[in-house]
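Examining the three-dimensional arrangement
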Amino acid sequence: LSRSLIADEHVYIGNSKLTVRDRHVVDLILETLSHPTHPRSILSLQECGQPFLEELRSRLPSHFEVISNHGDAVVVDKRRFEIVEAKEVSGIFSDAPYRTLQDIKIRRLSDGQIMRLVNVHLPGDPTKPGRFEFAEYLNRTFDPSIPTLAMGDMNFDELGMSEAMAKTF
């Protein structure tokens, strides 16, 4: 972690539990969401502490909503999407049954299309079945009429995730 923001900016601000790094990351998120040529209307976050989420919510424009569960969060632009359903799902991962994922349905306001967002922070041990269990969850809950976007911290590269998806689907 030498020369990492984690080490350099892990300094608490005043008597709060918010760090300089938390504030820096919120600044970067706000820049990403309001980028002049490529603004984002959906953003997936993992490993978010409560002080960070409070800072993010307090600084986001009012047309954004943050859906958060156990350190994971999805930021949605309500000018473009309506949140239809948001649920937290646990018990997916046999070696980490406490670990949850977010399964969210949104409706695009421009054409009414329903879309599904699945935000996850996968267990990263390559000797354990987490990526395959995630793929099995996606397969078990798959609805061909609803486009699904699986996003988050997969802890595996595209080859490892492709293997899990191909084996399951």
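Placed above this text is the structure.
What counts, and where the lines are drawn
- Residues numbered from 1 in each chain as written.
- Predicted model: local features only at pLDDT ≥ 70, side-chain atom pairs only at ≥ 80, totals over all residues.
- Heavy atoms only, no water.
- Helix = DSSP H or I, 4+ residues; strand = E, 2+ residues; numbered from the N terminus.
- Rg over C-alpha atoms; globule rule 2.2 N^0.38 Å.
- Buried < 20%, exposed > 50% of the residue type's maximum accessible area, 1.4 Å probe, protein only.
- Contact = heavy atoms within 4.5 Å.
- Pairing = 2+ DSSP bridges.
- Axes fitted to C-alpha atoms, helices over the stretch in contact; angles between N-to-C directions.
- Polar contact = N/O pair within 3.5 Å; in protein donor to acceptor, adjacent residues only side chain to side chain.

Okay, the overall build of the chain next. Scanning the chain from terminus to terminus reveals 5 helices and 7 strands. Along its sequence from the N terminus, the chain presents helices and strands in the succession α-α-β-α-β-β-β-β-β-α-β-α. Its C-alpha radius of gyration of 17 Å places the chain within 12% of the 15 Å reference for a compact globule of 169 residues. Its C-alpha atoms give the chain principal-axis dimensions of roughly 50 × 45 × 30 Å. Across the 169 residues in the chain, those meeting the buried criterion constitute 39%. Sequence separation of at least 24 residues holds for 56% of the intrachain contacts in the chain that already meet a minimum separation of 6.

Of note in the backbone geometry, Glu47 takes a positive phi value of approximately 55° without being a glycine. On the secondary structure map, Glu47 appears in the loop between β1 (42–45) and α3 (50–59). Positive phi, close to 45°, is recorded for His70, a residue that is not glycine. Along the polypeptide, His70 turns up in the loop between β2 (64–69) and β3 (72–77).

Glancing now at the sheet that holds β3. Strand pairing in a sheet takes place through backbone hydrogen bonds and is either antiparallel or parallel in direction. Taken in spatial order, the 3 strands line up as β1-β3-β2 in an open sheet, and their pairing is antiparallel. Every other strand in the sheet has two partners, leaving β1 and β2 as the edge strands with one partner each. Across the sheet, the mean angle from the axis of one strand to that of its neighbour is 15°, orientation sign disregarded. Its contacts with the sheet put α3 on β1, β2 and β3, and the angle it makes with β2 is roughly 165°.

With that settled, the discussion passes to the pairing of β3. Burial of β3 is extensive: 6 of the 6 residues sit out of reach of the surface. Burial along β3 is two-sided: the residues Asp72, Val74 and Val76 and Ala73, Val75 and Asp77 are all buried. Here β1 pairs with β3 via 4 bridges, running antiparallel. The partner of Ser44 across the bridge, within β3, is Val74. By the bridge criterion, 6 bridges tie β2 to β3 in an arrangement that is antiparallel. From the neighbouring strand, Asn69 faces β3, where its bridge partner is Asp72.

Moving on: the side chain of Thr19. Turning to its location among the elements, Thr19 is positioned in the loop between α1 (5–8) and α2 (20–33). Taking the relative accessible area as the measure of exposure, Thr19 reaches 4% and is therefore buried. Polar contacts involving the side chain of Thr19 include one to the main-chain amide nitrogen of Asp22, which spans 2.9 Å. Residues contacting Thr19, with those up to four places away along its chain left out, are Glu9, His10, Val11, Tyr12 and Ile13.

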